[in-house]
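Here's the letter readout for the chains.
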Amino acid sequence: RERERRAGRRKRSMAAGAGALLAALLLALAGPRPAPAELTDGNSEHLKREHSLMKPYQGAGSAAMPLWDFQGSTMVTSQYVRLTPDERSREGSIWNRMPCFLKDWELHVHFKIHGAGKKNLHGDGLALWYTQERLVPGPVFGSKDNFHGLAIFLDTYPNDEATERVFPYISAMVNNGSLTYDHSKDGRWTELAGCTADLRNQNHDTFLAIRYSRGRLTVMTDVEDKNEWKNCIDIAGVQLPTGYFFGASAGTGDLSDNHDIISMKLFQLMVEHPLEDETVDWTKIEPSVSLLKSPKDNVDDPTGNFRSGPLTGWKVFLLLLCALLGIIVCAVVGAVVFQKRQERNKRFY
């Protein structure tokens, strides 16, 4: 019995050791996990007023706004900037006149989308831009297609009847001028990532934050009246040049909504960059994303999470990880079997 108890202790010790080894190997293979992005608290110390739109709006009710231009159906009142009224076939936009040369920034947008339409009888949505082009009307939520830069779409109407996504839906797109936004598929071909957000016809304030820092794009929402940010999009490997313009646009078609911007506040992020970044001309960088998979492969995935596609990147990593786990399990089982045989052989002496 004493021999059996000792053997049991050895087995438990071996199993615990194997578990610790497995945990260590998993941590080593996975590498350090990125911490969730910390959004600013709106500290005015780093507020860039030349890129911010806040009440009281200068030049309300006229076309004379020192730092912002608007076009189309856009109307500036004392309380909001209405990009489109709740009427059919309208489009409007507002654009900052000053190019932004910050490498790391965070944009807080206070907005409101509301209207009389019920049960998908409203549309089309609102877009937030950081692009080379400005004040160019077009079919993408009232602005230009084949743009250069970043777009965040707040899409309120599902044009693709076969979609399983729940709308309103927020998505991100980076374009170097070569990609076309496909309205019929709600931009699924070119979407990087996205999330569902119940942001329409709310009786409380709704906010969205876009953070870009050291190649990482983070989008968060505060639309539930909880006064806290909720993660929506988090993508690494995003390259955006400096010298582009911030803007917002909206469009309606056969269905409509009021699309209002209450404020857009841009904050400078104080971030250290490696020394080699000092030699880079950030105005010459081409908008791009270092994905393990092309965004167009996302077309057959209604969730927007890149679950289908070729055997690359993470899929190879997961296969290797499974193989390693199998080897570790076999080693532990082999050690236990070997121990039992040793004990059985001792009984014959």
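As a reminder, the structure under discussion sits directly above these lines.
Residues numbered from 1 in each chain as written. Predicted model: local features only at pLDDT ≥ 70, side-chain atom pairs only at ≥ 80, totals over all residues. Heavy atoms only, no water.

## A look at the overall build of the chain
Within the chain, the regular secondary structure consists of 2 helices and 16 strands. Out of the 349 residues belonging to the chain, those deemed buried represent 44%. In the chain, the share of contacts with a sequence separation of at least 24, taken over all contacts with a separation of at least 6, comes to 70%. Total accessible area computed for the chain in this model is approximately 18500 Å², and 55% of it derives from carbon and sulfur atoms. (Helix = DSSP H or I, 4+ residues; strand = E, 2+ residues; numbered from the N terminus. Buried < 20%, exposed > 50% of the residue type's maximum accessible area, 1.4 Å probe, protein only. Contact = heavy atoms within 4.5 Å. Areas by Shrake-Rupley, 256 points an atom, 1.4 Å probe, with all protein chains shown as cover.)

## Quick word on the environment of Glu87
Assignment of secondary structure puts Glu87 in the loop between β3 (81-84) and β4 (91-96). Along the sequence, Glu87 and Asp254 sit 167 residues apart, while their C-alpha atoms lie 8.6 Å from each other. Here Glu87 is in contact with Thr252 and Ser256, once residues within four sequence places are set aside.

## Topic: the side chain of Arg82
Looking at where Arg82 falls in the secondary structure, it is placed in strand β3. In this structure the side chain of Arg82 is engaged in a polar contact, spanning 3.4 Å, whose partner is the side chain of His114. The contact partners of Arg82, leaving out residues within four places of it in the chain, are Ser73, Thr74, Met75, His114, Asn258, His259 and Asp260. (Polar contact = N/O pair within 3.5 Å; in protein donor to acceptor, adjacent residues only side chain to side chain.)

## Description of the pattern of salt bridges
Within this structure, the stated rule accounts for 12 salt bridges. In this structure, Lys185 and Asp160 form a salt bridge, with 3.8 Å as the shortest nitrogen-oxygen distance. Of the two residues, Lys185 is situated in the loop between β8 (169-176) and β9 (193-196) and Asp160 in the loop between β7 (148-155) and β8; the sequence distance between them amounts to 25 residues. Assessed through its relative accessible area of 31%, Lys185 is described here as partly exposed. (Salt bridge = Lys/Arg side-chain N within 4 Å of Asp/Glu carboxyl O.)

## Observations concerning the state of the cysteines
Tallying each qualifying case throughout the model produces 1 disulfide. Cys195 shares a disulfide with Cys232; S-S distance 2.0 Å. Judged by the sign of its S-S torsion, about -105°, the cystine formed by Cys195 and Cys232 is left-handed. Of this pair, Cys195 sits in strand β9 while Cys232 is found in strand β12 (residues 230-235), placing the two residues 37 residues apart along the sequence. Here Cys195 and Cys232 have matching classes, each one buried. (Disulfide = S-S within 2.5 Å.)

## Observations concerning the sheet that holds strand β14 (residues 245-251)
With antiparallel pairing, 7 strands are arranged side by side in an open sheet as β1-β4-β14-β6-β7-β8-β9. Whereas interior strands pair on both sides, the edge strands pair on one side only; in this sheet they are β1 (68-72) and β9. Between one strand axis and the next, the sheet turns by 15° as a mean value, whatever way the strands run. For strand β6 (residues 125-131) and β7, the ladder comprises 7 bridges, and the chain directions are antiparallel. Looking across to β7, one finds that Thr131 is bridged to Gly149. (Pairing = 2+ DSSP bridges. Axes fitted to C-alpha atoms, helices over the stretch in contact; angles between N-to-C directions.)

## Quick word on the side chain of His273
Checked against the element boundaries, His273 lands in the loop between β15 (258-268) and β16 (288-289). Judged by relative accessible area, His273 falls into the buried class, the value being 19%. Polar contacts involving the side chain of His273 include one to the side chain of Asp104, which spans 2.6 Å. Reaching out from His273, the side chain makes a polar contact with the side chain of Asp277 at a distance of 2.9 Å.

## Section: the nonpolar core
With 48 residues, the main nonpolar core has Trp105, Leu128, Leu154, Ile170, Ile210 and Ile261 as its most contacted residues. Beyond its immediate sequence surroundings of up to four residues, Trp105 is in contact with Tyr130, Leu150, Ile210, Arg211, Tyr212, Leu240, Phe246, Leu266, Phe267 and Leu269. By size, the runner-up hydrophobic cluster in this structure holds 11 residues, among which are Val140, Phe147, Met173 and Tyr181. (Core = buried A, V, L, I, M, F, W, Y, C linked by side-chain atoms within 4.5 Å.)

## What about the packing of aromatic side chains?
Following the criterion strictly, the structure yields 12 aromatic pairs and no others. Plain terms: the ring middles of Phe153 and Tyr181 are 4.7 Å apart, the flat faces sit at 55° to each other, and that makes the pair tilted. A residue pair is termed long-range when its members are at least 10 positions apart, and Phe153 in strand β7 and Tyr181 in the loop between β8 and β9 qualify at 28 residues. Among the residues examined, Tyr181 registers a relative accessible area of 5% and is labelled buried. When the centroid spacing of 6.0 Å and the interplanar angle of 40° are considered together, the rings of Phe167 and Tyr169 count as tilted. Given the relative accessible area of 15%, Phe167 is considered buried. Among the aromatic residues, those joined into a cluster by ring pairs are Trp95, Trp129, Phe141, Phe147, Phe153 and Tyr181. The ring of Phe245 is capped by Arg134, whose NZ or CZ atom sits 5.3 Å from the centre of that ring. (Phe/Tyr/Trp six-rings, centres within 6.5 Å; stacked < 30°, edge-to-face > 60°. Lys NZ or Arg CZ within 6 Å of the ring centre and 35° of its normal.)

## Re a nonpolar patch on the surface
A surface patch of nonpolar side chains, about 240 Å² in accessible area, is lined by Val329, Val333 and Val337. Among the secondary structure elements, Val337 is positioned in helix α2 (residues 314-346). (Patch = residues over 30% accessible without salt bridge, like charges linked within 9 Å, V, L, I, M, F, W, Y side chains within 5 Å.)

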